[in-house]
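Observations on the model geometry
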Amino acid sequence: MGRAEDRRARQRGGRRAAPGNRSSRTAAPEPRTGTRTEPVASERGTAHAAVGGRAAARRGAGKGGKGAGGGKGRIRRLFTWRKMLGGFLGFCVLVIGAFIVLYMTTPIPDTANADAELQSNVYKYGDGTLLARDGKLNRENVDLADVPKEVQHAFVAAENKSFYDDAGVDLKGTARGVLNTVMGKGAQGGSTITQQYVKNYYLTQEQTVTRKLKELVISLKLDREKSKEYILAGYINSSYYGRGAYGIQAAAQAYYRVDADQLTVPQGAYLAALLQAPSQYDWTAASDTGRRLVKQRWNYVLDNMVGEDWLDRTERDAMQFPVPEEPKPAPGQEGQVGYLVKAANSELERQLLAQGVADSGQEAEAMVSAGGWNITLNVEKKKQKALEKAVKEQLTSKLDAKKRPVDADIQAGAVSVNPKTGAVVAMYGGVDYVKHYTNNATRTDYQPASTFKPVILAAALDQGAVTQDDQKISVNTVYDGTSKRPVVGSDIGFAPENEDDVDYGDVTVQTAMNKSVNSVFAQLGVDVGMDKVLKTASDLGMDTTDLKAVPAQTLGTMGASPLQMAGVYATLDNHGRKVTPTLIKSAENSVHAVQPADPIGGQVISREAADTVTSVLTGVVDDGTAQKSVRDNPLRNGQKVAGKTGTSDDNKSAWFTAYTPDLVTSVGLFGESAEPPHPQVTMTGATGLLPGKGRVNGGGYPAQIWAAYTFGVSKKVSRFDLETDQGAAVQPSVTASPSPSPSPEPSEEPATESPSGEPSKTREPSQTPTTREPSQTPTTSQTPSQTPTTETPTTGAPQDPLDPQLGSGTGSQ
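Conventions adopted
Residues numbered from 1 in each chain as written. Predicted model: local features only at pLDDT ≥ 70, side-chain atom pairs only at ≥ 80, totals over all residues. Heavy atoms only, no water. Buried < 20%, exposed > 50% of the residue type's maximum accessible area, 1.4 Å probe, protein only. Helix = DSSP H or I, 4+ residues; strand = E, 2+ residues; numbered from the N terminus. Pairing = 2+ DSSP bridges. Patch = residues over 30% accessible without salt bridge, like charges linked within 9 Å, V, L, I, M, F, W, Y side chains within 5 Å. Areas by Shrake-Rupley, 256 points an atom, 1.4 Å probe, with all protein chains shown as cover. Salt bridge = Lys/Arg side-chain N within 4 Å of Asp/Glu carboxyl O. Lys, Arg positive; Asp, Glu negative; His and termini not counted. Charge placed at Lys NZ, Arg CZ, Asp CG, Glu CD. Core = buried A, V, L, I, M, F, W, Y, C linked by side-chain atoms within 4.5 Å. pLDDT = per-residue confidence, 0-100. Contact = heavy atoms within 4.5 Å. Polar contact = N/O pair within 3.5 Å; in protein donor to acceptor, adjacent residues only side chain to side chain. Axes fitted to C-alpha atoms, helices over the stretch in contact; angles between N-to-C directions. Phe/Tyr/Trp six-rings, centres within 6.5 Å; stacked < 30°, edge-to-face > 60°. Lys NZ or Arg CZ within 6 Å of the ring centre and 35° of its normal.

**Digging into the pairing of strand E6 (residues 410-417)**
- Along E6, eight of the eight residues are buried, which leaves the element largely enclosed by surrounding structure.
- With burial as the criterion, each face of E6 is covered, one bearing Ile-410, Ala-412, Ala-414 and Ser-416 and the other bearing Gln-411, Gly-413, Val-415 and Val-417.
- Pairing of E6 with strand E16 (residues 664-671), which is carried by eight bridges, proceeds in the antiparallel orientation. In the sheet register, Gln-411 faces E16, and the bridge partner there is Phe-670.
- Strand direction decides the pairing type here: E6 and strand E7 (residues 424-428), joined by four bridges, are antiparallel. Across the sheet, the residue bridging to Val-415 is Met-427, located in E7.
- What sits between E6 and E7 in their antiparallel hairpin is a turn of six residues, with Gly-422 showing a positive phi close to 80 degrees.

As structure tokens, this is what we get:
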């Protein structure tokens, strides 16, 4: 082999050995001279070995690495940028083509949708008998020229500032809505005025991709073919404003008793703000939160008008919020019917919203008001009539506003719930829906007072809380019941007063519940931790949104409704499994069939904690503030009862919430001025039958109503099935005397207070305030009473048989 051939052979071997690395061929220069025997052979062998080894390695990698390197290579080849771009462009072309076809084949409907024509809603009792049938559609269209220009601008400022310039659609909002519908994330707003009008007038409210795409197409066409004035007129004439009013003319009459052409700018801004949430923003029925939100919305509308140069800043700054007139309920809603119908509608609206059938609260309300629903309630006719009769006989028949102005300020509300099913079997909303629009059974603006104390105890037992000296809390734990005693362990100073400033001295938790001792439960709440107390309250069914975790909440200073409190106590009755009171059994129309969510939820507190609270609350009935009205009621017939009284500060509300094993009922009395704007007022002196100051306590009329109703409908005597070794139902309560020297003689009748509400004359309060901190004396050091705890009998005149006042409390009793 010549030198040239030898060199070419070596070059071929080098290329095979390292085809991708040219430096490997030039790193070692070839010798110009030298032997061509061993060195050349060695070099050639090494090169061939390298080539063979690397080739074998590549073959092995090719066979064994198909799942990794081979697969990745194919994926890379499949998803090249050219192919991805081509696929995306193809998809876009497909979508555009489909949209063009849809646009060409979707005309603007010639007539309104069927839902735009009202049908009656039918409401039935639980047994299927007719409760009510609603009336005709309250709608009257007006020309846009009859609506002041500034009021027109208010609606545009509220809903769609770009209305006069846009193409009638919000592509981003529509795409988001379609995507959410496809992904099952529920509805989302953001449509233009044009789209809302199309949906309200031409289409249905169902949440489907087809409906949303039709809405988009028709809106585009409508904006091209019709003027903005035509669309705006259609929008304000077809929108739902609450109070059964469709269209701006009906709304102007419903809220301000004027025609649309007489609306002022502030009034128009309020009506425009209403569209976001008509029920929540109706000033008369709104909660404090609802009123705050609608005022914010009203200010938002006016500020937008200023920003768009539709309103002068100076004029805007001078505007005052226009409080609407009192509503006029529709005919046929007299008595309790209107309250039940309104409560059922509200519950149905929440279900439509929760299940994604409606986009917003406004849309849900419009869907219900449009009619065509067949709604069956859980309400039992017999129990409903019995509750109405009990309120009349025990309270309203004794009120005479002509003799006593305070009697015109007394409002009653009640809710009765089956704790095993969550069904609302009876509801009392007020004296008459056409006379008092607000439903007292569902209103949340009055304090539940001491009916909140069982929640504090439930939190303590469920959390395994300890006292300040690290002793585990039980119903026999001893606390200092001195009035105005500062709580220990709180960053916020708090020293609540007991009713009538009575010092109870050392008392157990059981006795403190029986006598509703504020100072004990203030300390108990701090020992548990107010954040945990509010968490338990929320778990049990109370609305604790925006509440601050401060010791004052132990007195029940938040707002609550009889419906909420019935749910809380039903959960306790149901051994700690959450009960959500449910009014509707079923609801359906031609499009939707709505089944309520399961009213019985999971375990929110332990069974032992719930059962222990129930056991303790039997002591309130048998040895506390509800003795005469409930324990000694001749209709009781051995029925087991657990419950709690409550009377708020300045006697503005009085409560009795209690339960048997099979029925939970919450009764509330509320002092509401008969004169607009209906502020909260004291109830003291009502009926003229109450001795002394005439304070209306929870152990009085509320407990009387409860007993007359419950014992009247509950003929079956049943027992609580409790898993606990604590509480009044198991053993006598352990207590310490509230005075240094106990009475030498037992009382003839267990009592807490005289009818006047003052401490009994023979029961002296402690002369020297105790200095002992809470729970300094361990429970085991107390000697249990051999007989149920009693107090010294009241001296003086016998109690008025019409006055079962037995010590609910000022501030929180």
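**With respect to a negative patch on the surface**
- Residues Glu-140, Asp-143, Asp-146, Asp-259 and Asp-261 make up a contiguous surface patch of negative charge.
- With respect to the helices and strands, Asp-143 occurs in the loop between strand E3 (138-139) and helix H6 (149-159).

**Some details on the nonpolar core**
- Formed by 81 residues in total, the largest nonpolar core has its most connected members in Leu-348, Leu-352, Leu-377 and Met-542.
- Membership of the second largest hydrophobic core comes to 55 residues, among which are Leu-144, Leu-222, Ala-277 and Val-294.

**Some details on the confidence of the model for the chain**
- Taken as a whole, the chain shows an average pLDDT of 80; of its residues, 73% reach a score of 70 or greater.
- In the model, residues 15-51 has pLDDT below 50 throughout and makes 20 contacts with residues more than four positions away in sequence or in other chains.
- Low pLDDT (under 50) marks residues 731-811, which in the prediction has 179 contacts with non-local residues, meaning those over four places away or in another chain.

**Thoughts on the environment of Arg-257**
- Looking at the element boundaries, Arg-257 is found in the loop between helix H11 (248-256) and helix H12 (265-274).
- Since its relative accessible area comes to 30%, Arg-257 is described here as partly exposed.
- In this structure, the C-alpha to C-alpha distance between Arg-257 and Pro-324, residues 67 residues apart in sequence, is 9.0 Å.
- Reaching out from Arg-257, the side chain makes a polar contact with the backbone oxygen of Glu-326 at a distance of 2.2 Å.

**A short note on the sheet that holds strand E14 (residues 642-647)**
- Within the open sheet, the five strands sit side by side as E7-E6-E16-E15-E14. Their pairing is antiparallel. Single-partner strands in this sheet number two, and they are E7 and E14. Between one strand axis and the next, the sheet turns through 5 degrees on average, direction left out of account.
- Relative to E16, helix H23 (residues 562-573) is tilted by about 150 degrees, and along the sheet it contacts E6, E7, E14, strand E15 (653-659) and E16.

**Notes on the environment of Glu-229**
- As for its placement among the helices and strands, Glu-229 is situated in helix H10 (residues 228-238).
- Accessibility expressed as a relative area gives 42% for Glu-229, which makes it partly exposed.
- As a C-alpha pair, Glu-229 and Leu-144 span 85 residues in sequence and 7.1 Å in three-dimensional space.

**Topic: the packing of aromatic side chains**
- Inspection of the entire model under this criterion finds 20 aromatic pairs.
- Ring geometry for Trp-298 against Phe-321: centres 5.4 Å apart, planes inclined by 80 degrees, an arrangement best described as edge-to-face. Of this pair, Trp-298 sits in helix H14 (residues 288-307) while Phe-321 sits in the loop between helix H15 (313-317) and helix H16 (337-354), and the two are 23 residues apart along the sequence. No difference in accessibility class separates Trp-298 from Phe-321, as the two residues are buried.
- When the centroid spacing of 5.5 Å and the interplanar angle of 35 degrees are considered together, the rings of Tyr-433 and Tyr-437 count as tilted.
- A relative accessible area of 7% means that Tyr-433 is categorised as buried.
- An aromatic cluster is present here, built from Tyr-255, Tyr-256, Tyr-270, Trp-283, Trp-298 and Phe-321 joined pairwise through their rings.
- Above the plane of the ring of Phe-163 lies Lys-228, whose end atom (NZ or CZ) is 4.7 Å from the centre.

**Regarding unusual backbone geometry**
- Pro-676 connects to Pro-677 through a cis peptide bond whose omega is 5 degrees.
- Locating Pro-677 in the fold gives a position in the loop between E16 and helix H26 (701-713).
- With a phi angle near 60 degrees, His-575 is a residue other than glycine that sits in the positive phi range.
- As for its position among the elements, His-575 is in the loop between H23 and strand E10 (577-579).

**Comments concerning a nonpolar patch on the surface**
- A surface patch of nonpolar side chains, about 460 Å² in accessible area, is lined by Trp-81, Leu-85, Phe-88 and Leu-89.
- Along the chain, the position of Trp-81 falls in helix H5 (residues 81-105).

**A closer look at the pattern of salt bridges**
- Under the defined criterion, the tally for this structure stands at 24 salt bridges.
- A salt bridge links Lys-389 to Glu-393, with the nearest nitrogen and oxygen atoms 4.0 Å apart. With Lys-389 and Glu-393 both in helix H18 (residues 381-394) and four residues apart, this pair spans about one turn of that helix.
- Residue Glu-393 is classed as partly exposed on the basis of its relative accessible area, which comes to 43%.
- A salt bridge links Asp-662 to Lys-420, with the shortest nitrogen-to-oxygen separation between them at 3.0 Å. Highlighted residues: Asp-662 in the loop between E15 and E16 and Lys-420 in the loop between E6 and E7, separated in sequence by 242 residues.
- With a relative accessible area of 31%, Asp-662 lands in the partly exposed category.
- Ionic contacts of the salt-bridge type, sharing partners, join the residues Asp-303, Arg-313, Arg-316 and Asp-317 into one network.

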